[in-house]
Amino acid sequence: MDKFTTLTGIAAPMPLVNIDTDMIIPKQFLKTIKRSGLGVNLFDEMRYNLDGTEIEGFVLNQPAYRKAEIIVAGDNFGCGSSREHAPWALLDFGIRCVISTSFADIFYNNCFKNGILPIVMPQEVVDVLMADAKKGANARQTVDLVAQTVTTSDGQSFGFEVDGHRKHCLINGLDDIGLTLEKASAIDSFEKKNAVLHPWA
Amino acid sequence: MTARTLYDKIWDDHVVHQAEDGTCLLYIDRHLVHEVTSPQAFEGLRMTGRKVRAPEKTIAVPDHNVPTTLDRANAATMTEDSRIQVQALDQNAKDFGIHYYPVSDVRQGIVHIVGPEQGWTLPGMTVVCGDSHTATHGAFGSLAHGIGTSEVEHVLATQTLIQRKGLNFKVEITGSLRPGVTAKDITMAVIGETGTAGGTGYVIEYCGQAIRELSMEGRMTVCNMAIEGGARAGLIAPDEKTFAYCMGRPHAPKGAAWEAAVTYWKTLFTDEGAHFDKVVTIKGEDIAPLVTWGTSPEDVLPITAVVPSPSDFTGGKVEAVQRALDYMGLVPGQKLSDIKIDTVFIGSCTNGRIEDLRAAAAILKGKKKKDGIRAMVVPGSGLVRAQAEEEGLAQIFIDAGFEWRLAGCSMCLAMNPDQLAPGERCAATSNRNFEGRQGRGGRTHLLSPGMAAAAAITGHLTDVRELMAETV
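A short tour of the structure in this document, coming up. Since we're looking at a predicted model, the values are computed, not measured.

### A few points about the overall build of chain A
Moving on, step 1. The number of helices and strands found in chain A is 8 helices and 7 strands.
Moving on, step 2. Considering chain A as a whole, with its 201 residues, one finds that 61% of them fall into the buried category.
Moving on, step 3. Put simply, of all contacts in chain A between residues at least 6 apart along the chain, 65% involve residues at least 24 apart.
Moving on, step 4. Surface exposure of chain A reaches about 7700 Å², of which carbon and sulfur atoms provide 52%.
Moving on, step 5. Taken as two groups, the 19 positive and 25 negative side-chain charges of chain A have centres that lie 5 Å from each other.

### A look at the pattern of salt bridges
Oppositely charged side chains are able to pair whenever their charged atoms sit close together.
Moving on, step 1. One pass over the structure, following the stated rule, counts 31 salt bridges over all chains.
Moving on, step 2. Linking Glu-54 of chain A and Arg-66 of chain A is a salt bridge whose minimum nitrogen-to-oxygen distance equals 2.7 Å. A residue pair is termed long-range when its members are at least 10 positions apart, and Glu-54 of chain A in the loop between α2 (44-47) and β2 (70-73) and Arg-66 of chain A in the loop between α2 and β2 qualify at 12 residues.
Moving on, step 3. Judged by its relative accessible area of 37%, Glu-54 of chain A is partly exposed.
Moving on, step 4. Taken together, the shared-partner salt bridges in this structure form one network comprising Asp-22 and Arg-83 of chain A together with Arg-437 of chain B.

### Here we look at the packing of aromatic side chains
Moving on, step 1. Counted under the stated rule, the structure contains 18 aromatic pairs over all chains.
Moving on, step 2. Where Tyr-108 of chain A meets Phe-112 of chain A, the ring centres are 5.2 Å apart and the plane angle is 75 degrees; that geometry is what we call edge-to-face. Of this pair, Tyr-108 of chain A and Phe-112 of chain A both sit in helix α4 (residues 105-112), separated by 4 residues, roughly a single helical turn. Neither residue differs from the other here; Tyr-108 of chain A and Phe-112 of chain A are each classed as buried.
Moving on, step 3. On the basis of an interplanar angle of 65 degrees and a centroid distance of 5.3 Å, the ring pair of Phe-140 of chain B and Tyr-245 of chain B is categorised as edge-to-face. Pair noted here: Phe-140 of chain B is in the loop between β6 (126-129) and β7 (143-146) and Tyr-245 of chain B is in helix α9 (residues 240-246), with a separation of 105 residues, a long-range link.
Moving on, step 4. Positioned over the ring face of Phe-269 of chain B is Lys-9 of chain B, at 4.0 Å from the centre of the ring.
Moving on, step 5. The lysine or arginine in question, Arg-249 of chain B, covers the ring of Tyr-245 of chain B, its NZ or CZ lying 3.8 Å from the ring centre.

### Examining the interface of chain B and chain A
Moving on, step 1. If you look at the interface, chain B gives 78 residues, while chain A gives 54 residues.
Moving on, step 2. Of all residues in chain B, the largest losses of buried area upon contact with chain A belong to Gln-40, Arg-53 and Arg-440 of chain B, amounting jointly to 14% of the total for that side.
Moving on, step 3. Put simply, chain B and chain A have 6 salt bridges between them.
Moving on, step 4. Measuring nitrogen to oxygen at the nearest pair gives 3.1 Å for the salt bridge that ties Arg-35 of chain A to Glu-153 of chain B.
Moving on, step 5. Elements with a minimum of two residues in the side of chain B that touches chain A: β1 (15-18), β2 (24-27), α2 (39-48), α3 (80-96), α5 (149-158), β8 (160-163), α10 (255-265) and α11 (316-328) of chain B.
Moving on, step 6. Its residues assigned to classes, the side of chain B that touches chain A shows 29 nonpolar, 28 polar and 21 charged.

### Concerning unusual backbone geometry
Moving on, step 1. Positive phi, normally seen in glycine, also occurs at Gln-148 of chain A, with a value near 60 degrees.
Moving on, step 2. One non-glycine residue, Ala-414 of chain B, lies in positive phi territory at about 55 degrees.
Moving on, step 3. Position of Ala-414 of chain B relative to the elements: it lies in the loop between β17 (403-404) and β18 (425-428).
Moving on, step 4. The buried category is assigned to Ala-414 of chain B, whose relative accessible area is 2%.

The rules behind each value
- Residues numbered from 1 in each chain as written.
- Chains lettered and ligands numbered in written order.
- Predicted model: local features only at pLDDT ≥ 70, side-chain atom pairs only at ≥ 80, totals over all residues.
- Heavy atoms only, no water.
- Helix = DSSP H or I, 4+ residues; strand = E, 2+ residues; numbered from the N terminus.
- Buried < 20%, exposed > 50% of the residue type's maximum accessible area, 1.4 Å probe, protein only.
- Contact = heavy atoms within 4.5 Å.
- Areas by Shrake-Rupley, 256 points an atom, 1.4 Å probe, with all protein chains shown as cover.
- Lys, Arg positive; Asp, Glu negative; His and termini not counted.
- Charge placed at Lys NZ, Arg CZ, Asp CG, Glu CD.
- Salt bridge = Lys/Arg side-chain N within 4 Å of Asp/Glu carboxyl O.
- Phe/Tyr/Trp six-rings, centres within 6.5 Å; stacked < 30°, edge-to-face > 60°.
- Lys NZ or Arg CZ within 6 Å of the ring centre and 35° of its normal.
- Buried area = accessible area lost by both parts, 1.4 Å probe.
- Nonpolar A, V, L, I, M, F, W, Y, C, P; charged D, E, K, R; others polar.

Shown next as structure tokens:
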């Protein structure tokens, strides 16, 4: 997993609420056995016509946002399925950070496993960031995970909260499985104890 | 000792390690696996030389991609990429030595129907699967939720998950349901009340008389859609109905082990005075047969209502409702019961169990679907299908003009050939009405199996109670 410390990039405004995982990556693209290559199909049905041509009005098709690295989104981003293809597609497109008032739990969790930082901000802050993002390509926002701040193109800075463990893993690009396997003896003793207490489990 | 909720108790019994910041390593009792969200996880194990830590607790079944037509043994019924995913699961199950129900096995079906049916899911367990509808298993009083593929790999390798505890959310449904109102209406009513983000960060415990009165099948329907309310997991305390359902299942304990298990399971309830961070109470008798009109499960109204207007909403929802109405081809003020449909889909992990098929067949018995309607029943498992045939339900569906399919996820998410065409409108017993969910441009109305059957007969969304009156 790539480390995440600071990021300065173009932020794409997506004010729609309840952007779900079927919008982020429709099911026909889940038939892959790889993690990569999904970026071209990110937001596929919002982004392309049936004949494959681009839908001009869609934000990521606009010249200013084609290289966006941040999305500022409406409430409840990532609701729906557990498909990790959603963060894989975002990452493959080049998105490293999504900012919203709220995220669906599983999507939120999946982001951290893939080096994407989801940031929860109150509505009034999201409103400011959304307005800033709408200024276009010159409006580059800066996300500093170490300092836990987001700064707009005109220098307004806002703090955000993030779980300490997740921050640590993201900053250092750590693999969860490796960390957990360091606790193998605790898992062993849990299993021994459980075999007596709940032998059917 | 402090009073604890059911969620607290199951959680406490599975903590392997707790870090100072509260992050826990939680032991996982059952790991269910399907073909879509697992190939990258198995590949990860291969690349790092890791094994599946507890293959005896890992159960795999292909369901999302598999065709449900009778000719599916013919490999040509699957697209190449679907076939590769199913073959990858065949191979991974073999290589890593996990339990497996291949497409050819009569026990194959939707992973959330197979797990309980085979007795893998039991009260008090932690159950995970790379699928958000894992919440279904909460009906047994097990802590069950969906995980992403990275976590699938984590569970395969360590039989644990890194978790922080969620908050407790009590949803009480008091009194009894009225005739024609089902578990599906309960779960949709809750989402209508709390919104699709209302459960975010919480684990829901469903309780109250109306929940107690539900069968295990109905309870699974309720818990299944906890995720549509934003909650990762929904729980129902186990009781005699739960024990009766589990007893004798192939992987349920037997003899003395069964007795010991039941003794433990009887401790799995929320203590008097335990703290809930959020409480919602709905009167069972206030719930009407419901249907969705928009593209979010929270866009739900009684069948007797009319299509709302964007001006009925505030904030970001105004734009979302306008977009939903445009997508769904509906106008504000239109009666929901006037909406004509093209297709009826009965099935999915929400409503693909025997009781769902019985409810639909009760409405369809001796009747025919309206001409021109495409209607299909996709049983949730091969065993549900066999039972429905034995009970004569299959013949009722066939006589009514429905296609009688083999088991799979089918048109719930349309990863197999069962899809809607652009603009095609479907009355579906599944769980998500998102844009494009059942096929690009497809329009989905979620409802109960009885309501789906009623719509098939009339050709438009219909109050099932009108057809029930006819049969009396």
